[in-house]
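Fold and contact review
Single-letter residue listing:
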Amino acid sequence: MPSPGAEQIWLWIGTALMAVGTLAFIGMGWGEEDPEAQEYYIITIFIPAIAASAYFSMAMGFGLTELSVPWASEALDIYWARYADWLFTTPLLLIDLALLAGANRNTISTLVGLDVGMIVTGLVGALVTSSQTMRIVWWGISCGFFLALLYILVSRLSAQASTQPGSVGALFSTLRNVVILLWTAYPIVWIVGTEGLGLIPLYWETAVFMVLDVLAKVGFGFLLLRSRSVLDQVSSSTADATAAD
Ligand code: RET
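Residues numbered from 1 in each chain as written. Predicted model: local features only at pLDDT ≥ 70, side-chain atom pairs only at ≥ 80, totals over all residues. Heavy atoms only, no water.

**Describing the overall build of the protein**
Broken down by element type, the protein carries eight helices and two strands. The secondary structure elements of the protein, listed N-terminal to C-terminal, are α-α-β-β-α-α-α-α-α-α. Computed over C-alpha atoms, the radius of gyration of the protein comes to 19 Å, within 12% of the 18 Å expected from 2.2 N^0.38 for 245 residues, which places it in the range of a compact globule. With respect to the three principal axes, the spread of C-alpha positions in the protein is 65 × 35 × 20 Å. Counting only residues that meet the buried cut, the protein has 48% of its 245 residues in that class. (Helix = DSSP H or I, 4+ residues; strand = E, 2+ residues; numbered from the N terminus. Rg over C-alpha atoms; globule rule 2.2 N^0.38 Å. Buried < 20%, exposed > 50% of the residue type's maximum accessible area, 1.4 Å probe, protein only.)

This is the structure:
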């Protein structure tokens, strides 16, 4: 098993911050009795909990593989555990947003399907060793899924959110914008980092991914869960909608 290099420090910091985020969200949800609001806590607690495990595995060198590639003399260090983390956590983040928007099952399935497509094709890109061009082709395919996902976020999901009460709609818009901004950084870091063109070294790439992951998971979760009164409104509006059915 390859062992991590100097970038390990960022992986340990990531493990610690994700663990603190998990405990903080558990604390924030303690005593919540409303099952509709509990749903947000359950989803949002799992996000940093999964990431903490993934970061721990990467810090231990378990989530790391070394690929020998024909175009470079040195082996390529690939942290595949990132993709295992993202495969579960990015759909959970989208489900949080979709619940806030009051989205229907079809919209949720479309978002999750596109997201899984994005992560799995990104993983293929990270593992391909035939040529650097092929890696970039897979990056392009993954970006295609990502663009379709962004389109659904700004079109259908936003339209559905506009039917929610004012403060719920406002919280949705904030979180949607946070997602669009932070998530767009990932394909950029990937392509300039060691997976793609190798313009930035693994040490800095690991640092940037760690900061992005903490903001996109713990930052997002704080914005969502601190608004307990807003979450209560979503639940009452969902209850009204159910009653009206
Ligand atoms: C990859 C591969 C290259 C193309 C694209 C990617 C997108 C990744 C994204 C990841 C988001 C992760 C989050 C994690 C934790 O909170 C897979 C890098 C488009 C958008 C939000």
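**Notes on the environment of Ala51**
Relative to the helices and strands, Ala51 resides in helix α2 (residues 35-59). With near-sequence residues (within four places) excluded, Ala51 lies in contact with Met18, Asp85 and Lys217. (Contact = heavy atoms within 4.5 Å.)

**Some details on the site of the ligand**
Near the ligand lie 16 residues; those nearest to it are Trp139, Ser142, Trp183, Tyr186 and Lys217. Coverage of the ligand by the protein amounts to 100% of the 530 Å² it exposes when considered alone. Mapped by element, the contributors of at least two residues to the shell around the ligand are α3 (81-101), α4 (105-127), α5 (132-161), α6 (166-192) and α7 (202-225). Its residues placed into classes, the shell around the ligand shows eleven nonpolar, three polar and two charged. (Near = heavy atom within 4 Å. Areas by Shrake-Rupley, 256 points an atom, 1.4 Å probe, with all protein chains shown as cover. Nonpolar A, V, L, I, M, F, W, Y, C, P; charged D, E, K, R; others polar.)

**A closer look at the side chain of Gln160**
Structurally, the position occupied by Gln160 is in helix α5. On the basis of relative accessibility, which here comes to 19%, the residue Gln160 falls in the buried class. Residues within four places of Gln160 in sequence aside, it is in contact with Ala101, Ala103, Asn104 and Thr107.

**Describing helix α1 (residues 8-29)**
Under the 1.5 Å per step criterion, the end-to-end length of α1 is 32 Å for 22 residues, consistent within 8% with the ideal 32 Å. Listing the buried residues of α1 in full gives Trp10, Leu11, Gly14, Thr15, Met18, Gly21, Thr22, Phe25 and Gly29. Looking straight down α1, one finds its buried side chains confined to an arc of 145°; they lie on one side. Exposed residues pointing more than 90 degrees away from the buried face of α1 are listed as Val20 and Leu23. Where α1 ends, the next residue or the one after it, Gly31, has phi of about 85°, a positive value. (Expected span 1.5 Å × (residues − 1). Arc of directions from axis to C-beta.)

**Observations concerning the nonpolar core**
Among the nonpolar cores identified, the biggest contains 68 residues, and Leu97, Leu100, Leu153, Leu157, Trp183 and Leu224 are the most heavily contacted of them. Setting aside its immediate chain neighbours within four residues, Leu224 contacts Tyr40, Thr44, Asp96, Leu100, Leu171, Leu175 and Leu231. (Core = buried A, V, L, I, M, F, W, Y, C linked by side-chain atoms within 4.5 Å.)

**Observations regarding the packing of α3 against α7**
At a closest axis distance of 12 Å, the pairing of α3 and α7 adopts a crossing angle of 30°. By the angle between their axes, α3 is roughly parallel relative to α7. Of the two possible hands of crossing, α3 and α7 adopt the one that is left-handed. Residue-level contacts link Arg82, Asp85, Trp86, Thr89, Leu93, Asp96, Leu97 and Leu100 of α3 to Thr206, Phe209, Asp213, Ala216, Lys217, Phe220 and Leu224 of α7. A class-by-class count of the residues in the contact of α3 with α7 yields eight nonpolar, two polar and five charged. (Axes fitted to C-alpha atoms, helices over the stretch in contact; angles between N-to-C directions. Parallel < 35°, antiparallel > 145°, perpendicular 65-115°, else oblique. Left-handed = near helix turned anticlockwise from the far one by under 90°.)

**Some remarks on α2**
Helix length check: α2, at 25 residues, gives a terminal C-alpha distance of 36 Å against a target of 36 Å (1.5 Å per residue), a fit within 8%. Just downstream of α2, Gly61 is the residue with a positive phi angle, here 85°.

**Observations concerning a nonpolar patch on the surface**
A contiguous nonpolar surface patch, about 590 Å² in accessible area, is contributed by Met1, Trp12, Phe56, Met60 and Phe62. Along the chain, Phe62 falls in the loop between α2 and β1 (64-67). (Patch = residues over 30% accessible without salt bridge, like charges linked within 9 Å, V, L, I, M, F, W, Y side chains within 5 Å. Salt bridge = Lys/Arg side-chain N within 4 Å of Asp/Glu carboxyl O.)

**Concerning the packing of α4 against α5**
Where α4 meets α5, the axes come as close as 8 Å, and the angle between the chain directions of the two elements is 160°. Classified by the angle their axes make, α4 and α5 are roughly antiparallel. As α4 packs across α5, the resulting crossing turns out to be left-handed. A breakdown of the residues in the contact of α4 with α5 according to their chemical character gives 15 nonpolar, eight polar and three charged.

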